[in-house]
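# Analysis of the macromolecular model
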Amino acid sequence: AGLTDHQIIDLVIHILVKHLFLIDQCVKSRIPVGRVGGVERAILGLIFLRYADILYKQHKEEIENEYNSLKGTRREKTIEDIAIEKCGFYLPEEASYTKINDAPDTAEKATLVKKAMDAIEKYNKQMDGVLPKEVYVQLVPEEEPDLLSRIMRIFMDIPEDIGIDLFGQIYEYF
């Protein structure tokens, strides 16, 4: 017999917590202690961005189908409105975790993450002023400018079919 869903979730949590612990130790060893709170907010922001990307992808086909079916009719809606109805928020292209992850491993990646958070807040008023935006540069220390990219690649290992419960448990780690 194979693993149950619960056992799989436990295994994934164990693996992710191990990765997060390693990230935490790595970051704390390179960043002054006074800046660690910002680092934790940055990592939480990246977890949120990855979760938002995964959740949006899970609804993207349904969102696009409804948008295309209503386009040009009296019931036409913006894609943003449909996305908010279907998954609770709209994720603009510039906030795609995958797209940011694929960008070059330079300090510019911190700016891309900040712009992603700004874009999410712009299209989702319920998130206005809530998302961390100025903290990602702390994950691009001069002595290791690819640290943010390395952390993002680890979060890319989170399966695309993950459930909300697992993200909640990861979030509790911090």
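Residues numbered from 1 in each chain as written. Predicted model: local features only at pLDDT ≥ 70, side-chain atom pairs only at ≥ 80, totals over all residues. Heavy atoms only, no water.

## Observations regarding the overall build of the chain
Worth spelling out the cut-off: Secondary structure counts use DSSP, requiring at least four H or I residues in a row for a helix and at least two E residues in a row for a strand, with both numbered from the N terminus. Per-residue accessibility, obtained with a 1.4 Å probe over protein chains only, is compared with the maximum for each type, and a residue is labelled buried under 20%, exposed over 50%, and partly exposed between these values. We call two residues contacting when some pair of their heavy atoms lies within 4.5 Å. Each accessible area is a Shrake-Rupley estimate made with a 1.4 Å probe; only the visible protein chains count as cover when residues are assessed.
In terms of regular secondary structure, the chain is built from 7 helices and 0 strands. Along its sequence from the N terminus, the chain presents helices and strands in the succession α-α-α-α-α-α-α. Relative to its full complement of 174 residues, the chain shows a buried share of 43%. Relative to all contacts within the chain whose residues are 6 or more apart in sequence, the contacts with residues 24 or more apart total 69%. Roughly 9700 Å² of accessible area belongs to the chain as shown, and the carbon and sulfur atoms make up 54% of that amount.

## Quick notes on the packing of aromatic side chains
Basically, it comes down to this: Geometry of aromatic contacts follows a simple scheme: Phe, Tyr and Trp rings, the Trp one being its six-membered ring, pair when their centres are within 6.5 Å, and the pair is stacked under 30 degrees between planes, edge-to-face over 60, tilted otherwise.
What the rule picks out here adds up to 3 aromatic pairs. Consider the rings of Tyr 56 and Phe 89, whose centres lie 6.2 Å apart with planes at 40°: the pair is tilted. Of this pair, Tyr 56 sits in helix α2 (residues 36-70) while Phe 89 sits in the loop between α3 (79-87) and α4 (97-102), and the two are 33 residues apart along the sequence. No difference in accessibility class separates Tyr 56 from Phe 89, as the two residues are buried. Seen from their ring centres, Tyr 56 and Tyr 90 are 6.0 Å apart, and the 80° between their planes marks the pair as edge-to-face. Of this pair, Tyr 56 sits in helix α2 while Tyr 90 sits in the loop between α3 and α4, placing them 34 residues apart in sequence. Residue classification places Tyr 56 among the buried residues on the basis of a relative accessible area of 7%. Accessibility expressed as a relative area gives 12% for Tyr 90, which makes it buried.

## Comments concerning the pattern of salt bridges
Note the threshold: Here, a salt bridge means any side-chain nitrogen of Lys or Arg that lies within 4 Å of a carboxyl oxygen of Asp or Glu.
Considering all chains together, one arrives at 14 salt bridges under this definition. For the salt bridge of Glu 64 with Lys 60, the shortest nitrogen-to-oxygen distance reads 4.0 Å. Within this pair, Glu 64 and its partner Lys 60 are both found in helix α2, separated by 4 residues, close to a single helical turn. Here Lys 60 falls in the partly exposed class, since its relative accessible area comes to 33%.

## Here's the deal with the packing of helix α5 (residues 108-123) against helix α6 (residues 147-156)
Put simply, the rule reads: For helices, the fitted axis covers only the stretch in contact; all axes are lines through C-alpha atoms, and the angles between them, taken along N-to-C directions, range from 0 to 180 degrees. Any angle that falls under 35 degrees is termed roughly parallel, while one over 145 is termed roughly antiparallel, one within 65 to 115 roughly perpendicular, and all others oblique. Throughout, the ten residues Ala, Val, Leu, Ile, Met, Phe, Trp, Tyr, Cys and Pro are labelled nonpolar, Asp, Glu, Lys and Arg are labelled charged, and all others, Gly among them, are labelled polar.
Remark: α5 packs on α6, axes separated minimally by 8 Å, with the N-to-C direction vectors making an angle of 55°. Judged on the interaxial angle alone, α6 and α5 are oblique. Touching Lys 109, Ala 110 and Val 113 of α5 are Leu 148, Ser 149 and Met 152, all from α6. When its residues are assigned to classes, the contact of α5 with α6 shows 4 nonpolar, 1 polar and 1 charged.

## Notes on the side chain of Asp 53
By secondary structure assignment, the location of Asp 53 is in helix α2. Other than its neighbours up to four places away in sequence, Asp 53 contacts Leu 91, Ser 96, Tyr 97 and Thr 98.

## Here we look at the nonpolar core
Put simply, the rule reads: Joining through side-chain atoms within 4.5 Å is the link that ties buried Ala, Val, Leu, Ile, Met, Phe, Trp, Tyr and Cys residues into a set, and such a set is a nonpolar core.
With 40 residues, the main nonpolar core has Leu 46 and Leu 49 as its most contacted residues. Counting only elements with at least two residues in this core, the list comes to α2, α3, α4, α5 and α6. Per element, the largest residue contribution to this core is 14 residues, and it comes from α2.

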